[in-house]
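Examination of the molecular architecture
So the chains spell out like this:
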Amino acid sequence: MTSRTDRGLVSNWWWTIDRWFLSAFLALMVLGIVLSFAASPAVAERIGLEEYHFVTRQIVFMLPALAVMLGVSFLEPRQIRRLAILLLVASIVLMVLALFIGVEIKGSRRWVSLAGISLQPSEFLKPAFVVICAWLFAEHARQPDIPGNLFAMILLGVVVTLLVAQPDLGQTMLIVGTWGVMFFMAGMAWIWIIVLGALGAGGAFLAYTVFPHVAGRIDRFLTGEGDTFQTDMARDAMISGGWFGRGPGEGVSKRILPDSHTDFIFSVAAEEFGLVLCFLLVALFAFIVLRGLKIALREYDDFTRFAVAGLVIQFGLQSIINMSVNLHLMPAKGMTLPFISYGGSSLVAMALSMGMVLALTRKRPETRRSSFGAFDSRMMPAE
């Protein structure tokens, strides 16, 4: 363990990092591997792969994800902005390419193959989009002559257009929801609330009328008629698990659900380990969001405040969407559970996002308020 008097890079990182955040992220990563052992072998066997195919790949993905999260957490806020700009440009270019040369899966073109590695660019777009919008909102707040809010609206339009073209309406909803909360934090006028609310309602109606698969999912959710097999199985699995579950490996739903290792892994966790584990997962997600918002509230710097709040809100909304689908509280959407669901792009991109949170929430006394709104001398490094 390093000493507080040590001024080395690693020592400075250790004494300024938010270790509560770091512990929560590591706990979710470990739970992701454990639940991969529970949910994925049955899926692998059903489609003719080696039993631990998905488990092995999840562990392989976890190693670079951990390296990315820790590596990004060493960066300064200015470096985070630069990284976000590069990532945003690269993601937009790859999303455009995906529309023409991407791999089509279930009618959507969301994936591109680079050097034999499949990537979903929209996953990496999400944290970059949040950070750049936070910077634009902060610049407008610092100097109203700078049209930061206008540029943020234009950027939102570009991103939404690309996502709808894939189509990926789940990610669109997540991006728009996060952006709306950040815009509200930045001091959105009431007229914009009305305008954007009307545009959101119009967009939802348009999606219902234009995309048959969206209309089908909403109709099945509202009427309960049609193919509701996956959502019904997921709900039944959660009910059958009870408080303490059927036991590791004893679940039934994972042998039938096609997406039990991705979209519906929360139901597998409930069936095999019970509602107790589900409450633990919910508590971890809630802790990360609430702690992030608490720290953001104490920040003097507008960019840091907006970026941290936006990143944890996006993290929380994605978690809520996934768990709500499992609980049959909203129509089915292809949304992973952060750090838990199988998926290389989702895992590495989420680790990148949370690495940004770790970097931005490191103790910087010159930009942090105390709980009473004054300068907190306790955050000064010890001499």
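From a predicted model like this one, the values you see are computed outputs, not experimental measurements. (Residues numbered from 1 in each chain as written. Predicted model: local features only at pLDDT ≥ 70, side-chain atom pairs only at ≥ 80, totals over all residues. Heavy atoms only, no water.)

A closer look at the sheet that holds strand β3 (residues 117-119)
Taken in spatial order, the three strands line up as β1-β2-β3 in an open sheet, and their pairing is antiparallel. With one partner strand each, in any of the chains shown, β1 (103-105) and β3 form the two edges of the open sheet. Between one strand and the next, the sheet's axes are offset by a mean angle of 40°, whatever the strand orientation. Two elements, β1 and strand β2 (residues 108-114), share three bridges in a ladder whose sense is antiparallel. (Pairing = 2+ DSSP bridges. Helix = DSSP H or I, 4+ residues; strand = E, 2+ residues; numbered from the N terminus. Axes fitted to C-alpha atoms, helices over the stretch in contact; angles between N-to-C directions.)

Some thoughts on the pairing of β2
In this sheet, β3 lies alongside β2 in antiparallel orientation, the contact comprising three bridges. Looking at β3, one finds that L114 is bridged to I117. Counted between consecutive antiparallel strands, the loop separating β2 from β3 contains two residues, among which A115 sits at a positive phi close to 55°.

Details of the nonpolar core
Formed by 84 residues in total, the largest nonpolar core has its most connected members in L28, F129, F315, F339 and I340. Among all residues touching I340, those that are not within four sequence positions of it are L28, L31, G32, L35, Q58, I265, L281 and F285. Core analysis: the second largest hydrophobic core is formed by nine residues, A234, F264, I321 and M330 among them. (Core = buried A, V, L, I, M, F, W, Y, C linked by side-chain atoms within 4.5 Å. Buried < 20%, exposed > 50% of the residue type's maximum accessible area, 1.4 Å probe, protein only. Contact = heavy atoms within 4.5 Å.)

Quick look at the pattern of salt bridges
In this structure the tally under the stated criterion is six salt bridges. Notably, a salt bridge pairs K126 with E123, separated by 3.1 Å at the nearest N-O pair. Placement of both K126 and E123 in helix α5 (residues 121-142) is noted, with a separation of three residues, approximately one turn of the helix. With a relative accessible area of 3%, K126 lands in the buried category. One salt bridge in this structure joins E139 and R142, with 2.6 Å as the shortest N-O distance. Taken as a pair, E139 and R142 lie in helix α5 at a separation of three residues, close to a single helical turn. Relative accessible area serves as the criterion here: at 54%, R142 is assigned to the exposed category. (Salt bridge = Lys/Arg side-chain N within 4 Å of Asp/Glu carboxyl O.)

Details of the packing of helix α10 (residues 229-241) against helix α11 (residues 265-297)
At a minimum axis distance of 7 Å, the contact between α10 and α11 shows a crossing angle of 35°. With respect to the hand of their crossing, α10 and α11 are arranged in right-handed fashion. Counting all contacts with α10, which are made through A234, A237, M238, S240 and G241, the residues of α11 involved are F266, S267, A270, E271, G274, L275 and C278. For the contact of α10 with α11, the class distribution of residues is seven nonpolar, four polar and one charged. (Left-handed = near helix turned anticlockwise from the far one by under 90°. Nonpolar A, V, L, I, M, F, W, Y, C, P; charged D, E, K, R; others polar.)

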